[in-house]
Amino acid sequence: MEPIITLTEKCRKCYSCVRSCPVKAIKVEKNYSEIIFERCIGCGNCLSNCPQHAKVVTDKVGVTEKLLASDQTVIAVLGCSFPAFFHSVSSGQLVAGLKKLGFAEVHEGAAGVELIAGGYAEAIEKSAGSLISSHCPAIVDLIERHYPSLIKNLVGVISPMVAMGRFLKNVLGPDVKVVYLSSCIAAKFEIQAEETTGAIDTVLTYRELEEIFKNRAINPASLKEEPFDGLQPHLGRLFPISEGTFKAFSIATDPLDTEIVTAAGEVNVMGIIRDLASGRINPRIVDVRFCYEGCIGGPGKNSELTEFYKRNLIISHFKNEAPYRTAPHYLEQREPLPLTRSFANKYAKFKVPKGSDVKKVLHATNKFTQKDELNCRACGYRTCREYAVAVFQGLADLEMCLPYNLQQLEEDRGRLIEKYELARRELDREYGDEFIVGEDMKTHEVLDLIKQVGPTPTTVLIRGESGTGKELTARAIHRYSKRNDKPLVTVNCTTITDSLLESELFGHKKGAFTGAIADKKGLFEAADGGTIFLDEIGDITPKLQAELLRVLDSGDVRPVGGTAAKKVDVRLIAATNKKLEEGVRDGWFREDLYYRLNVFAITMPPLRSRVESIPLLAHHFLEKARNKLNKSIVGLEDRAVKAMMQYSWPGNIREMQNVIERAAVLTHDEIIKLGNLPLVFAENYAEEADDVPDLRSFKHEREPHVMRVEKKLIQRYLADAGGNVSKAAQLANIPRRTFYRLLDKHGLKGRGANS
Ligand SMILES: Nc1ncnc2c1ncn2[C@@H]1O[C@H](COP(=O)(O)OP(=O)(O)OP(=O)(O)O)[C@@H](O)[C@H]1O
């Protein structure tokens, strides 16, 4: 099993792993990102950098527990960096803890350093070219998998860990099990490599060891010290700190010496490896470790401690005498240990794209010129071109480009707004909602004004109480305008918070405020070419009033946080139920904006002053309710209509619409009766029933008769067509859809053409 696994359900595709992977060994799938092990160097960056902890080390705790529970001899080897991790216990107490867990012996990995020191000395002596140390498994993997031309430069000597494994199995026999404790994730990969397999059985990180102590409720700090087993190291203990390799291998160093180079940390290492591969530098020996701070900074490190402090801990362990009990068999003269190892070219070839392939990907993400290549790194790749190569190789997908995605979203949003408006207009047409119903003088006056101002570009201010039909009027003006094939964007200024309204209207630039993660177009831009309807304009802040005035005067929209303005061609219709004149007088509404809006005002009369339209409106809303509720209600009782005409309708036409829909829900009959209306109607009616002037119109009187005749006609056509709706519609010479609607209206049923 691979040493690192991805918990796919936790991965949120933030691309942190791609970003932190020095060799881009990550493939982004549809819902998660995965490691490509043939490219991976085991540095552990993806583990430490995943905010979701979706990349985890394969659990070796269970494996170790099983080994300890078996009757096999299990030896623990503490990696050289252990004093920098277990700093609150003495080394003797840690040994005691490990023995309590069931380890038969505890050795120091530092002894392995001294085992291989001779091998290094010999290699240096013999080599004519540059040598690269091979004790850091991440470096070995980096060279084998990504810089195979440098394989010949690797010191052909095993690592201290593998040396310890081979030494222990040599002395104690091949059946002994060796568990190596380390801060290194790459070591977990190393023991699986063909060239080094068999020496170490399991690698546990220090964190995993801590977990086992916790599981078994063992606190090493409370234990009495016990001695280490095996070979007692000396200079090898300095190996984990920078330049420690040279100290441990007794190689003299000098800061002015360009022949001996030492470096730690991804950036430095990658630089040196690139320099070596290109032949820019040619030192005698290069000692490199992938982790910053060397082995005391591995992914399993103790991150609370500073590098300096950890360094001190290593030096103090070197200076102090840890208790030792070396069994004589470890000191016996034996055959020399096989210290050499080979390396293999593990370079995984990915198809190299041609220039035209890269261009294709760039074009697909809207990058047509060099200026479009932002190299923003949001996808995890350093440049748009590196990313395009990854897309070509199937490691990345188009979705990963954030600017492209945002642009797509913005365009989709614009398209949706347009589609929504078209659909809304269609619906209006379908259900007749667009018609302003009313046969009173005042409604006629409003209709005349709409027809006059509609086709002009003039700004209109619609005034009137709530529910009087201001929005309906705005929509009618837009419909009568030459812009009616372009969007009508309606904004209710009170439903959006003051702080957001400005950015909603004019858009914003990325970073303009917290949460502005990308540029965003505003509704003025969405309405370009069409109309914007600002409802409740009396409620906007003075700051927004000033900005709106500027937009009206200049036609320029400036996004929040931006300097560049964009020209838009938008007609403004505003509505309010507030007395703006009072606002001007009391200072809460700008005078200049008031005059700018009030160029053409339409005042919607309240319903109580359009009593003669009430019967017509009542039947109009009854029709709407019937369609909505799918109930066969044919009319309204006279008393109900009269009661409605006596009522004052504080909520105006919207209230009436609601009252009738409620009554339609309540009624069990084919007509709505007074009793189906809210109680206040009956109460008013009872008092004043006799004084009610008969204001019913001819239209109202005519309605029930028309309904009856219409129903009879439909029934006759249907009977003549043998119940077939298509045929009946043909006989009646009306569209089939209209015929269906009439059937619905009268609660009739027919057969479809195919039934
Ligand atoms: N003359 C009318 N004919 C038919 N329906 C109408 C008429 N006037 C208003 N309505 C209907 O009444 C409801 C309220 O109308 P609208 O939303 O236009 O009022 P408003 O004045 O904008 O309200 P508010 O000030 O609360 O926003 C809508 O469903 C609308 O279709």
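Residues numbered from 1 in each chain as written. Predicted model: local features only at pLDDT ≥ 70, side-chain atom pairs only at ≥ 80, totals over all residues.

1. Observations concerning the overall build of the protein
Working step 1: Each helix and strand in the protein was counted, giving 30 helices and 22 strands.
Working step 2: By the burial criterion, 40% of the 755 residues in the protein qualify as buried.
Working step 3: By sequence separation, contacts in the protein at least 24 residues apart represent 76% of the contacts at least 6 residues apart. (Helix = DSSP H or I, 4+ residues; strand = E, 2+ residues; numbered from the N terminus. Buried ≥ 20, exposed ≤ 12 C-beta atoms within 10 Å, placed from the backbone. Contact = placed C-beta atoms within 7 Å.)

2. Observations concerning the environment of T64
Working step 1: Residue placement: T64 occurs in helix 3 (residues 61-69).
Working step 2: Considering only alpha carbons, one finds T64 and V74, 10 residues apart in sequence, at a separation of 9.2 Å.
Working step 3: In contact with T64, not counting residues within four places along its chain, are V179, T202, L204 and I212.

3. Focus: the site of the ligand
Working step 1: Contacts to the ligand come from 18 residues, most closely from V437, S466, G469, K470 and E471.
Working step 2: Residues belonging to the shell around the ligand are distributed by class as follows: four nonpolar, nine polar and five charged.
Working step 3: Composition of the shell around the ligand by domain shows at least three residues from each of domain 3 (435-605) and domain 4 (615-745). (Near = placed C-beta within 6 Å. Nonpolar A, V, L, I, M, F, W, Y, C, P; charged D, E, K, R; others polar. Domains from an automatic or database assignment.)

4. What to know about unusual backbone geometry
Backbone phi values are negative for most residues with the exception of glycine, while trans is the configuration of most peptide bonds.
Working step 1: With a phi close to 55°, H53 is a non-glycine residue in the positive phi region.
Working step 2: Structurally, H53 is set in the loop between helix 2 (45-49) and strand 4 (55-57).
Working step 3: Accessibility expressed as a C-beta count within 10 Å gives 9 for H53, which makes it exposed.

5. Observations regarding the sheet that holds strand 11 (residues 260-264)
Paired through backbone hydrogen bonds, the strands of a sheet run either parallel or antiparallel to each other.
Working step 1: Within the open sheet, the three strands sit side by side as 7-12-11. Their pairing is parallel. The open sheet has two edge strands, strand 7 (131-132) and strand 11, and neither has a second partner.
Working step 2: The pairing of strand 11 with strand 12 (residues 285-289) spans five bridges and is parallel. Of the residues in strand 12, the one forming a bridge with V261 is V286.
Working step 3: Packed on one face of the sheet, helix 12 (residues 266-278) meets strand 11 and strand 12 and runs near 140° to strand 11. (Pairing = 2+ DSSP bridges. Axes fitted to C-alpha atoms, helices over the stretch in contact; angles between N-to-C directions.)

6. Observations concerning the pairing of strand 8 (residues 177-182)
Working step 1: Most of strand 8 sits inside the fold, with six of its six residues counted as buried.
Working step 2: Burial along strand 8 is two-sided: K177, V179 and L181 facing one way and V178, Y180 and S182 facing the other are all buried.
Working step 3: Relative to strand 8, strand 5 (residues 74-78) runs parallel, the two being bridged by five bridges. The residue bridging I75 from the neighbouring strand is V178, located in strand 8.
Working step 4: For strand 8 and strand 9 (residues 202-205), the ladder comprises four bridges, and the chain directions are parallel. For V179, the partnering residue across the bridge sits in strand 9 and is T202.

7. Let's talk about the nonpolar core
Working step 1: Grouped together as the largest cluster of nonpolar side chains are 115 residues, with contacts concentrated most on A76, I116, I139, Y180 and L181.
Working step 2: The element contributing the most residues to this core is helix 6 (residues 110-126), with eight residues.
Working step 3: Split by domain, this core shows at least three residues from each of two domains, domain 1 (1-49) and domain 2 (59-330).
Working step 4: Not counting residues up to four positions away in its chain, the partners in contact with A76 are L98, F103, V106, V179 and L181. (Core = buried A, V, L, I, M, F, W, Y, C linked by C-beta atoms within 7 Å.)

8. A word on the packing of helix 24 (residues 614-629) against helix 25 (residues 638-646)
Working step 1: Where helix 24 meets helix 25, the closest approach of the two axes is 10 Å, and the angle between their N-to-C directions is 120°. When the axis of helix 24 is compared with that of helix 25, the two are oblique. Of the two possible hands of crossing, helix 24 and helix 25 adopt the one that is right-handed. Along the contact surface, helix 24 presents I614, P615 and A618, while helix 25 presents V641, M644 and M645.
Working step 2: In the contact of helix 24 with helix 25, the residues fall into six nonpolar, no polar and no charged. (Parallel < 35°, antiparallel > 145°, perpendicular 65-115°, else oblique. Left-handed = near helix turned anticlockwise from the far one by under 90°.)

9. Overview of helix 17 (residues 441-453)
Working step 1: Taking 1.5 Å of rise per residue, the 13 residues of helix 17 would be expected to cover 18 Å, and the 18 Å separating its terminal C-alpha atoms lies within 8% of that figure.
Working step 2: Taken as a whole, helix 17 has its buried residues at T443, V446, I450 and V453. Along the axis of helix 17, the buried positions cluster into a sector of 100°, meaning they face one direction only. When the buried face of helix 17 is taken as reference, the exposed residues oriented beyond 90 degrees from it are D448 and K451. (Expected span 1.5 Å × (residues − 1). Arc of directions from axis to C-beta.)

10. Observations concerning the sheet that holds strand 19 (residues 571-576)
Working step 1: In space, the five strands of this open sheet follow the order 15-16-19-14-20, with parallel pairing throughout. Because the sheet does not close on itself, it has two edges, and the strands there are strand 15 (488-492) and strand 20 (600-603). In this sheet, neighbouring strand axes are inclined to one another by 20° on average, regardless of whether the strands run parallel or antiparallel.
Working step 2: For strand 14 (residues 460-463) and strand 19, the ladder comprises four bridges, and the chain directions are parallel. Bridge pairing links L461 to A574 in strand 19.

11. What about the environment of E661?
Working step 1: By secondary structure assignment, the location of E661 is in helix 26 (residues 652-666).
Working step 2: Here the alpha-carbon distance between E661 and L629, two residues 32 residues apart in the chain, equals 8.6 Å.

12. Structural notes on helix 8 (residues 160-172)
Working step 1: Given a rise of 1.5 Å per residue, 13 residues ought to cover 18 Å, and the 18 Å separating the end C-alpha atoms of helix 8 matches this to within 8%.
Working step 2: Among the residues of helix 8, those classed as buried are P160, M161, V162, A163, M164, G165, R166, F167 and L168.
Working step 3: Packed against the buried residues of helix 8 are strand 5, strand 6 (105-108), helix 6, strand 8 and helix 9 (186-190).
Working step 4: Following helix 8 by one or two positions, G173 adopts a phi angle in the positive range, close to 105°.

13. Notes on the packing of helix 17 against helix 18 (residues 470-480)
Working step 1: For the pair helix 17 and helix 18, the least separation of the axes is 8 Å and the interaxial angle reads 40°. Accordingly, the angle class assigned to the pair helix 17 and helix 18 is oblique. Seen from above, helix 17 lies across helix 18 with right-handed handedness. In this structure, helix 17 uses V446, I450, K451 and V453 to contact helix 18, whose residues at the interface are T473, A476, I477 and Y480.
Working step 2: Residues belonging to the contact of helix 17 with helix 18 are distributed by class as follows: six nonpolar, one polar and one charged.

14. As for the confidence of the model for the protein
Working step 1: Averaged over the protein, the pLDDT score is 89; the fraction of residues at 70 or greater is 95%.
Working step 2: Quick note on the complex model: pTM equals 0.59, ipTM equals 0.98. (pLDDT = per-residue confidence, 0-100.)

15. Thoughts on the pairing of strand 14
Working step 1: Judged from the four bridges that link them, strand 14 and strand 20 form a sheet pairing that is parallel. Residue I462 lies in a different strand from strand 20, and its bridge partner there is I602.

16. A look at the environment of A187
Working step 1: Structurally, the position occupied by A187 is in helix 9.
Working step 2: Along the chain, A187 and T202 lie 15 residues apart, while their C-alpha atoms are 9.5 Å from each other.
Working step 3: If we skip the residues at most four places from it in the chain, A187 touches P137, M161, Y180, S182 and V203.

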